[in-house]
2 protein chains.
Amino acid sequence: MEFTFLGTSAGTPTRSRNVTGLALCHTGPKPWYLIDCGEGTQHQLMRTRYSVMQLRAVFITHIHGDHIFGLPGLLTSASMLGRTEPLDIIAPEQVRRFINATIENSDSSLSYPLNFIDSEAPDFYWQDQHVAVTNIALSHRVPCRAYVFTERNLERQLNQGKLMADGIVAGPQWGDLQKGRDVLLDDGRLLRSDDYTHQYRTARKMIVGGDNDTPDLLQEACKGAHLLIHEATYTQDVADRVGPWPQHSSAQQVARFAHSAGLPNLVLTHFSSRYQSAPGGSPHINQLAAEALQHYKGHLFLARDFDTYRLEKDFRLHRLNGH
Amino acid sequence: MEFTFLGTSAGTPTRSRNVTGLALCHTGPKPWYLIDCGEGTQHQLMRTRYSVMQLRAVFITHIHGDHIFGLPGLLTSASMLGRTEPLDIIAPEQVRRFINATIENSDSSLSYPLNFIDSEAPDFYWQDQHVAVTNIALSHRVPCRAYVFTERNLERQLNQGKLMADGIVAGPQWGDLQKGRDVLLDDGRLLRSDDYTHQYRTARKMIVGGDNDTPDLLQEACKGAHLLIHEATYTQDVADRVGPWPQHSSAQQVARFAHSAGLPNLVLTHFSSRYQSAPGGSPHINQLAAEALQHYKGHLFLARDFDTYRLEKDFRLHRLNGH
């Protein structure tokens, strides 16, 4: 599972950080998934290997502008490129109204269908051949969700001893069973893939949070999760000065939660535009890392635009090449 | 009068050109005017000297997405920065609906008032202390306008001989008269500025076109104009291949028109994303310049993102530093 940050700034863009967007894929960039779509997401994508033509679904955490204002441009550009594949938009109902009003008032039309799926539905569940997605209600100024991505259809290993013992000779059926398909033999026997194969590893599970002032809401979802990507808008002292109104998390809060949940990997993102990345800048972005490291002993990363990560099958998280 | 291109690509952004936006000012960047606002305009502004805090008015030529999708982010970012000054939005009625639907469905609110002014009203006229603005209906797939900017309140020269002959001694009144203000003397005499001063130069006049397949519509407006900024989406051969549907102009069409209108300065912009700027790229952007030069003998420029121009008081057009 690989993902690339398209934006890591909260509220407004800075010269080095765009507003929120995350590109995620399971095995190569076809298909891929977009989580949130701040203004300029289509511009950022031009500097990655992801194309709107192969985008399978967009998951929106909540309706704030820095998470959705890139949708109109992304959707209409895909149309100008001639996309015909349907696109799933998983989002609160207001995003459907925003998109429809935008299309209606800008003389736009799309060359492909949009399937709107209500992210706030109590029974929300989405899947394709690679991933299953559920979500968790967070605490923010508007309804907001974290998305939980769990991989599906893991590789299977054939139990060759059992196959041979049952007199099933090597052939195309073995391949079908290994791919998880049940097989009907000419003699009428039905062979169940589950009886002749086993999955030799555990599915990777990662959580992509939205804006949230109560990381503890993710406690249950984090059981067995290998990675959490969560906002850390401020250091604790700034959060205290700003007060509770914005309903964001501090680095300390998230780090404490991740530690108590036993999460092996934590990536912080969605930093207030006040934090500087340039050497000597103040307040410096490293203050967020320093604060988090005091409370979290797992593998910690601070996201930067265009940084690409891979969550390996053994659950280690690597940062690959950046921009 | 100075202006900076924030985007020079038609329809979709490219890696080196954003979609349409132009920053214009009369005397320094406070106040300034924005003509069109494609997605990413606020990002481009971060690389110029223009701030949304000093923006006086936004002029929208037409409702297509590549000219308006940057408005939601620009307006809400100005609010997050604490703007309180009212902002004029001169645009077709649908832009008001687009902005209102966006604000409503994204839990946004603005810290300052928006004044929507219908750009399609038959008696459209706008002014501040620096410029007077009228507009001209163009021919495109949707109603579209060119904006004509003419400077106001030109410097006046005192007729000192007449002042002294009339016994008006040098003092603060001279300053008032020179600034165009009439003065009431203690003895009851009313001195009219127009009687004691004269404007020693002609007002600069520049036209910023929108999308348009019929440059001739600007014939009347171009009389006495010193500069036209106009789209040239294609070379003529590409325009012929694409056919009339998009309702854009070719470089040849605009150049011929500018020549017949006797325009001293012409800047082409809004180039199809197929045109490449890198050496060796094909089709190359220089094809547009080469075509225009065959038909236009005035001062021709091809716009690039972040290029800044100054229209001097003697009506010469200079390209200043770029990015």
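These figures come from a predicted structure and were not determined experimentally.

Rules behind the numbers
Residues numbered from 1 in each chain as written. Chains lettered and ligands numbered in written order. Predicted model: local features only at pLDDT ≥ 70, side-chain atom pairs only at ≥ 80, totals over all residues. Heavy atoms only, no water. Axes fitted to C-alpha atoms, helices over the stretch in contact; angles between N-to-C directions. Helix = DSSP H or I, 4+ residues; strand = E, 2+ residues; numbered from the N terminus. Left-handed = near helix turned anticlockwise from the far one by under 90°. Contact = heavy atoms within 4.5 Å. Nonpolar A, V, L, I, M, F, W, Y, C, P; charged D, E, K, R; others polar. Salt bridge = Lys/Arg side-chain N within 4 Å of Asp/Glu carboxyl O. Buried < 20%, exposed > 50% of the residue type's maximum accessible area, 1.4 Å probe, protein only. Least-squares fit on C-alpha atoms with pLDDT ≥ 70 in both. Parallel < 35°, antiparallel > 145°, perpendicular 65-115°, else oblique. UniProt positions renumbered as here; feature names shortened; annotations may be inferred. Polar contact = N/O pair within 3.5 Å; in protein donor to acceptor, adjacent residues only side chain to side chain. Arc of directions from axis to C-beta. Pairing = 2+ DSSP bridges.

All names here are of chain B. The contact between helix H10 (residues 251–260) and helix H11 (residues 286–293) brings their axes to 8 Å, and the two run at 35°. The handedness of the crossing between H10 and H11 comes out as right-handed. Residues Ala251, Gln252 and Ala255 of H10 touch H11, and the partners they reach there are Leu288, Glu291 and Ala292. Among the residues forming the contact of H10 with H11, the class breakdown is 4 nonpolar, 1 polar and 1 charged.

All names here are of chain A. Considering all chains together, one arrives at 38 salt bridges over all chains under this definition. With a shortest N-O distance of 3.2 Å, Glu220 and Lys223 are connected by a salt bridge. Like Glu220, the residue Lys223 is exposed in the burial classification. One salt-bridge network, held together by shared partners, links Glu151, Glu155, Arg201, Arg204 and Lys313.

Here the focus is the relation of the copies chain B and chain A. Overlay of chain B on chain A (RMSD 0.1 Å): rotation 180°, translation along the axis 0.0 Å. The relationship between the two copies is best expressed as a two-fold rotation axis. Using C-alpha coordinates, one finds that chain B approaches the rotation axis most closely at B:Gly40, a distance of 2.7 Å. Comparing interface residues between copies, 100% of those in chain B also lie at the interface in chain A; the contact surface is shared.

The next point concerns the side chain of A:Asp88. Mapping A:Asp88 onto the fold places it in strand S6 (residues 87–91). Beyond its immediate stretch of four places on either side in the chain, A:Asp88 contacts A:Arg56, A:Ala57, A:Val58, A:Asn115, A:Ile117 and A:Trp126.

Moving on: the packing of helix H4 (residues 93–105) of chain A against helix H4 (residues 93–105) of chain B. Axis separation between H4(A) and H4(B) bottoms out at 9 Å; the angle between their running directions is 170°. When the axes of H4(A) and H4(B) are compared, the pair comes out roughly antiparallel. Of H4(B), the residues touching H4(A) (which contributes A:Gln94, A:Arg97, A:Phe98, A:Ala101, A:Thr102 and A:Asn105) are B:Gln94, B:Arg97, B:Phe98, B:Ala101, B:Thr102 and B:Asn105. Taken together, the residues of the contact of H4(A) with H4(B) break down into 4 nonpolar, 6 polar and 2 charged.

On to H10(B). Looking at H10(B), one finds that the buried residues are B:Ala251, B:Gln252, B:Val254, B:Ala255, B:Phe257 and B:Ala258. Contacts from the buried residues of H10(B) go to helix H8 (219–222), strand S16 (227–231), helix H9 (236–242), strand S17 (265–269) and H11 of chain B.

On to the UniProt feature "active site" (unreviewed entry) in chain A, then. All names here are of chain A. Feature annotation in UniProt assigns "active site" (unreviewed entry) to the following positions: Asp66. Mapped onto the elements of the fold, Asp66 is located in helix H2 (residues 65–68). Among the polar contacts listed, one links the side chain of Asp66 to the backbone nitrogen of Gly11, at a separation of 2.8 Å.

All names here are of chain B. Buried within H11 are the following residues: Leu288, Ala289, Glu291 and Ala292. Taken end-on, H11 shows its buried residues confined to a sector of 165°, consistent with a single buried face. On its buried face, H11 sits against H9, H10, S17, strand S18 (271–272) and strand S19 (299–302).

Before going further, it helps to examine the UniProt feature "binding site: Zn(2+) 2" (unreviewed entry) in chain A. All names here are of chain A. If you check UniProt for "binding site: Zn(2+) 2" (unreviewed entry), the listed places come out as Asp66, His67, Asp211 and His270 in our numbering. Over a stretch of 205 residues, the named residues converge on one spot in the fold, their C-alpha atoms separated by at most 10.9 Å. The residues touching His67, leaving out its near neighbours within four places in the chain, are Thr20, Asp36, Cys37, Gly38, Ile60, Thr61, His62, Asp211 and His270. Within the element layout of this structure, His270 appears in the loop between strand S17 (265–269) and strand S18 (271–272). Apart from residues lying up to four places away in sequence, His270 is in contact with Thr8, Ser9, Ala10, Thr20, Asp66, His67, Asp211, Glu231, Ala232, Thr233 and His248.

Okay, the sheet that holds strand S19 (residues 299–302) of chain A next. All names here are of chain A. An order of S8-S9-S10-S15-S16-S17-S19 is seen for the 7 strands of this open sheet, with the pairing classed as mixed. The two strands at the open ends of the sheet, each matched to only one other strand, are strand S8 (126–127) and S19. With 3 bridges joining them, strand S15 (residues 205–208) and strand S16 (residues 227–231) adopt parallel strand pairing. Note that in S16 the partner of Ile207 across the bridge is Leu228. Packing against the sheet, helix H10 (residues 251–260) makes contact with S16 and S17, and its axis sits at approximately 165° to S17. Packed onto the sheet, helix H11 (residues 286–293) meets S17 and S19 and runs at close to 165° relative to S19.

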